[in-house]
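Below, each chain spelled out in residue letters.
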Amino acid sequence: MQPTQERILPLLPLRGILIFPYMVIHLDVGREKSVQAIEEAMLKERAIFLATQKDAQNDDPTEEDIYSVGAVAEVKQLLKLPGGTIRVLVEGIARAKIKEYTSHTPYFVVKIEQYDETETKNAQVEALMRNLVSQFEQYVKLSKKIPPETVVTVINIEEPGRLADIVASHLTLRIEDKQAILEAVDTVPRLEKLCAIMARELEIVELERKINVRVRKQMEKTQKEYYLREQIKAIQRELGEKEDRIAEGEELREKIEQAKLPKEVEEKALKELERLEKMPPMAAEGTVVRNYLDWLLALPWSKGTRDRLDINKAQQILNADHYGLDLVKERILEYLAIRKLAKKMKGPIICFVGPPGVGKTSLGRSIARALERKFVRLSLGGVRDEAEIRGHRRTYVGAMPGRILQGMKTAGSKNPVFLLDEVDKMSMDFRGDPSSALLEVLDPEQNFSFSDHYIEAPYDLSNVMFITTANVQQNIPRPLQDRMEIIYIPGYTEEEKVQIAIRHLVPKQIKEHGLNNKMIQIPEKAVRRIIREYTRESGVRNLERNIASLCRKAAKQIVAGKTKLVRVNAQKLEQFLGKPRFRYGTAELEDQVGIATGLAWTEVGGETLQVEVSTYKGTGKLTLTGKLGDVMKESAQASYSYVRSRAAELGIKQNMFEKYDLHIHVPEGAIPKDGPSAGITMATALASALTGRQIRHDLAMTGEITLRGRVLPIGGVKEKVLAAHRAGIKTVLLPMDNSKDTEEIPANVKKQLELVLVDHMDEVLNVALRETKIASRTAVIEPPPEVTPEITYGPVVETEGGPELPNENNYS
Ligand code: ADP
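These numbers come from a predicted model, not from an experiment. (Residues numbered from 1 in each chain as written. Predicted model: local features only at pLDDT ≥ 70, side-chain atom pairs only at ≥ 80, totals over all residues. Heavy atoms only, no water.)

Enquirer: Let's hear about the overall build of the protein chain: which residues, and what values?
Expert: Within the protein chain one finds 27 helices and 25 strands. For a compact globule of 812 residues, the expected C-alpha radius of gyration is about 28 Å, and the protein chain comes in at 57 Å, more than 25% above that figure. Expressed as a percentage of the 812 residues in the protein chain, the buried residues total 49%. Contacts in the protein chain between residues far apart in sequence, at least 24 positions, make up 74% of those at least 6 positions apart. In the structure as shown, the protein chain presents an accessible area of about 40200 Å², 51% of it carried by carbon and sulfur atoms. Computed over 119 positive and 118 negative side-chain charges, the inter-centroid distance for the protein chain is 8 Å. (Helix = DSSP H or I, 4+ residues; strand = E, 2+ residues; numbered from the N terminus. Rg over C-alpha atoms; globule rule 2.2 N^0.38 Å. Buried < 20%, exposed > 50% of the residue type's maximum accessible area, 1.4 Å probe, protein only. Contact = heavy atoms within 4.5 Å. Areas by Shrake-Rupley, 256 points an atom, 1.4 Å probe, with all protein chains shown as cover. Lys, Arg positive; Asp, Glu negative; His and termini not counted. Charge placed at Lys NZ, Arg CZ, Asp CG, Glu CD.)

Enquirer: So, the pattern of salt bridges: which residues are in play, and what are the values?
Expert: Summed over all chains, the structure comprises 53 salt bridges. Put simply, R87 and D28 hold a salt bridge, and the shortest N to O gap is 2.8 Å. A residue pair is termed long-range when its members are at least 10 positions apart, and R87 in strand β5 (residues 86-103) and D28 in strand β2 (residues 24-29) qualify at 59 residues. Residues E126 and R130 are paired through a salt bridge, measuring 3.7 Å at the closest nitrogen-oxygen approach. Of this pair, E126 and R130 are both found in helix α2 (residues 123-143), four residues apart, which corresponds to roughly one turn of the helix. On the accessibility criterion, E126 (27% relative accessible area) is partly exposed. The network of salt bridges with shared partners includes K268, E272, R275, E285, R394 and E456. (Salt bridge = Lys/Arg side-chain N within 4 Å of Asp/Glu carboxyl O.)

Enquirer: An account of the sheet that holds strand β11 (residues 484-488) is needed here, citing residue identities and associated values.
Expert: With parallel pairing, five strands are arranged side by side in an open sheet as β8-β9-β10-β7-β11. Looking at which strands have only one partner, the edges of the open sheet turn out to be β8 (375-379) and β11. Shown here is a sheet whose adjacent strand axes are inclined to one another by a mean of 25°, direction ignored. In this sheet, strand β10 (residues 465-470) lies alongside strand β9 (residues 417-421) in parallel orientation, the contact comprising four bridges. The residue of β10 that forms the bridge with F418 is F466. Sheet strands touched by helix α11 (residues 326-341): β7 (349-353), β10 and β11. Its angle to β11, the strand with the most contacts, is close to 150°. Those strands touched by helix α15 (residues 434-442) are β7, β9, β10 and β11, and its axis lies near 140° from that of β10. (Pairing = 2+ DSSP bridges. Axes fitted to C-alpha atoms, helices over the stretch in contact; angles between N-to-C directions.)

Enquirer: I'd like a rundown of the nonpolar core, residues and numbers included.
Expert: In this structure, L27, I48, L50, F136 and L194 are the most contacted members of the largest nonpolar core, which totals 52 residues. At nine residues, α2 tops the list of elements feeding residues into this core. For I48, the contacting residues outside a window of four places in its chain are L9, P10, L12, A37, I38, A41, A71, V72, A73 and V75. Ranked by size, the runner-up nonpolar core spans 51 residues in total, among them V328, I332, A368 and I531. (Core = buried A, V, L, I, M, F, W, Y, C linked by side-chain atoms within 4.5 Å.)

Enquirer: I'd like a description of the packing of α2 against helix α4 (residues 160-170), backed by residues and values.
Expert: Each packed pair of helices is defined by two parameters, the angle between the axes and the distance between the axes. Where α2 meets α4, the axes come as close as 10 Å, and the angle between the chain directions of the two elements is 20°. On the basis of their axis angle, the class for α2 and α4 is roughly parallel. Regarding α2 and α4, the two cross each other, and that crossing is left-handed. On α4, the residues that touch V125, M129, L132, V133 and F136 of α2 are P160, L163, A164, V167 and H170. Its residues placed into classes, the contact of α2 with α4 shows nine nonpolar, one polar and no charged. (Parallel < 35°, antiparallel > 145°, perpendicular 65-115°, else oblique. Left-handed = near helix turned anticlockwise from the far one by under 90°. Nonpolar A, V, L, I, M, F, W, Y, C, P; charged D, E, K, R; others polar.)

Enquirer: Residues and numbers for the packing of helix α24 (residues 679-691) against helix α27 (residues 761-768), please.
Expert: The contact between α24 and α27 brings their axes to 10 Å, and the two run at 55°. By the criterion of interaxial angle, the relationship of α24 to α27 is oblique. As α24 runs across α27, the sense of the crossing is right-handed. For the pair formed by α24 and α27, the contact residues are I680, A683, T684 and A687 on the first element and M761, V764, L765 and A768 on the second. In terms of residue class, the contact of α24 with α27 is made up of seven nonpolar, one polar and no charged.

Enquirer: Let's hear about the side chain of E704: which residues, and what values?
Expert: The topology assignment puts E704 in strand β20 (residues 704-705). Among buried Asp, Glu, Lys and Arg side chains, E704 stands out as unpaired, with R710 the closest opposite charge at 9.6 Å. Sequence-distant contacts of E704, defined by excluding residues within four places in its chain, comprise P676, S677, I680, R710, V711, L712 and I714.

Enquirer: Any chance you could break down the packing of aromatic side chains for me, citing the residues and the numbers?
Expert: Applying the stated criterion to the full structure yields five aromatic pairs. For the pair F418 and F466, a centre-to-centre distance of 5.4 Å together with 35° between the ring planes defines the contact as tilted. Here F418 is found in strand β9, whereas its partner F466 is found in strand β10, with 48 residues between them in sequence. Each member of the pair, F418 together with F466, is buried. (Phe/Tyr/Trp six-rings, centres within 6.5 Å; stacked < 30°, edge-to-face > 60°.)

Enquirer: Got a sec to walk through α24? Specific residues and values, please.
Expert: Under the 1.5 Å per step criterion, the end-to-end length of α24 is 18 Å for 13 residues, consistent within 8% with the ideal 18 Å. Taken across its 13 residues, α24 has 13 buried, putting it largely inside the fold. A positive backbone phi angle near 80° is found at G692, which sits one or two residues after α24. (Expected span 1.5 Å × (residues − 1).)

Enquirer: Can you explain the site of the ligand? Please cite residues and give values.
Expert: If you check the shell around the ligand, you find 19 residues, and the closest are G357, K360, T361, K508 and R541. One nitrogen or oxygen atom from the side chain of K360 is found 2.7 Å from an oxygen atom belonging to the ligand. Separating an oxygen atom of the ligand from a side-chain N or O atom of E544 is a distance of 2.8 Å. Relative to its unbound accessible surface of 550 Å², the ligand loses 90% to contact with the protein. Among the elements of the structure, α12 (360-371), α17 (494-512) and α19 (541-559) are those that each provide at least two residues to the shell around the ligand. At four residues, the largest contribution of residues to the shell around the ligand is made by α17. (Near = heavy atom within 4 Å. Polar contact = N/O pair within 3.5 Å; in protein donor to acceptor, adjacent residues only side chain to side chain.)

Enquirer: Break down helix α1 (residues 32-43) for me, with residues and values.
Expert: The terminal C-alpha atoms of α1 lie 17 Å apart, and with 12 residues this matches the ideal 16 Å at 1.5 Å per residue to within 8%. Those residues of α1 that fall on the buried side of the exposure criterion are S34, V35, A37, I38, E40 and A41. Downstream of α1 by one or two residues, E45 has phi in the positive range, about 50°.

Enquirer: Explain the side chain of K360 residue by residue, including any values.
Expert: Looking at where K360 falls in the secondary structure, it is placed in helix α12. Buried within the structure, K360 lacks any salt-bridge partner; its nearest side chain of opposite charge belongs to D421, at an N-O separation of 6.4 Å. Only 3.2 Å separates the side chain of K360 from the backbone oxygen of G354, close enough to count as a polar contact. Setting aside its immediate chain neighbours within four residues, K360 contacts F352, V353, G354, P355, T469, A470, N471 and I489.

Enquirer: Break down the pairing of strand β6 (residues 109-115) for me, citing the residues and quoting the values.
Expert: The element β6 is extensively covered by neighbouring structure, given that six of its seven residues are classed as buried. In sequence, β5 turns back onto β6 through a hairpin of five residues.

Here it is in structure tokens:
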């Protein structure tokens, strides 16, 4: 397009703004130079040239700092503001380009070429116009910065140049872009440029919108959540729950802080508490965490009792609680003495071994009393799962700590006396070996940091005084045995039992039943009868039970008003306890052929036992009955072989062994019968049956036999001798090698019994068999209807066994 005219006009440099033709705008003019330019313009047809500064910050621009293309404008209004500033209302008229600066001071005067719009329309222009209008419409819709009415105005513009300028004036563009449009003097390039810029702007606006939407959505979501949470809180508050929970949390926190937990445990507890507080109130896991915290708080981590390490006092207490047991008490006092000297002794753990009812548990209790410690008892009988000792992991439903820590909770002190009962009754299976866990409990090198699966924090057991008990030493797992100091409590004599009953059991039971000496009297005679006829045991458990039974029955009579005082005499005894259950003195009343008395040792103490042999016409078979164990059967064979080899010396004709069958029977099915120690008894019974010589009825024996007739030592001497004494036996034959064991036998028993130590079977027979023979010895007994089991002979190898130790279920 060609310039339409040339003019000389004052120049007003614009800062940060650009004026298009047709645009009406207010300008505040402050710069001195600019004010003068306006004033000049007012004199010259109100016309002024407006061009934009390239840098808005420049206060004193030169020619180069001002774009050369600008707009000729008419000053419509002029308002002088206080402070010298002028507010003008200008309207753009036409594009113009600076040809030259004619003056720089006091204001710029420029010579310009003005381009008045000549609107020509063709198809291309029309298309560009439509495009621009639709873009503008969209832009308005999206950007929301322009009032929608503008669109109506814009649609109605017919002139392409004007359309472009008006649209451009409405857009928020960078000055450079606007300048570029201003500089496009021809309509088509102007439209095209604007369309391109519009397209770009639209994209940006669209993007902005998308970002906006996303931001809003995000905000809405957070707001919504916040709002909902606030509502829940309000509801909880309404229901009174929130306060409860806050109170619960605070209470727990306070408890944790006061519990004096080890640092590590306290941290763990607080962490769990935080977790609990974050959980919704009804969450199932909440209970699990709460339980866990309760357990942590219930365990005695730091609380303990002060030991009373006064030996004299301890002795008093032990004596007051238990009769006899002098050796045991002595050992306990020694143990306590050492504990006093070496404060933290890592010594062995005491293990009381003995039959039931001899006071193992109550000794433990006494020790606790002597030391003024708390006492807990845990029975390990039947424990077969490691988890019972060590607990289950918390992930299991209903998990709990193991029994050790449960015991500690019950004790409520970190240093109780902890009695582990029946360590020999633990068993092991696929669920793990409880003894290995127990080892960690008992080992002083490890037990300061005992790990329980549930608690998950190390617990210090090193202050606990562990005591264990067992019936049979052999059944205690080996590694545990190595850490224990075994103290045997072998069982009581009748005399001891009487004393225990009179001094302890009777007064204790009378008191426990709310009676006193004026209401019930149990004389020594009655006690002795209970011991002899109502019990057969090594300990005093059944004795105590029977006394309790007497007290119960007496209490009933007194309460029923039948009597004021119950004297337990012979008649009352039978009335209260029923008929005697045992025959006192099971010794045979007269000498007999083929019946010998042996001595057995079982878990519950000693027993007497008869061995019967009978002979009858047959083919030389040997029959064994009485549910004998394998070892005992072999022992029977050995004794048979011995008797047969000594037939000549004993005066037995060899054909006896071919023409007669022999039957060995051991009655009393309730006693488990195994082990080799009935060897000499069976040999004696056999010899008697075959020779017809009677066996002394007041004599009992025990010992293993070899094929050559040597007598080997056996176990459980004290129990066996006590059993013989109970049974009214006068002479007991024991293997010579057991002589050292006879020291254990109480003196009063030794006084009433003759102990004969033997080395060889010949000596046994010398003492046991009478000279008198019974002529009709073989004819008296008819053969039994059924013969089982039949033993056929093979060569028997002689074994020289070492001293046999007591074993569970052994008949020895
Ligand atoms: P264990 O644990 O060995 O099976 P307990 O300790 O349960 O035996 O003893 C059973 C009962 O016998 C307890 O009441 C106990 O007080 C009593 N007792 C055992 N021995 C004696 C004793 N020597 N003196 C006093 N009482 C005893």
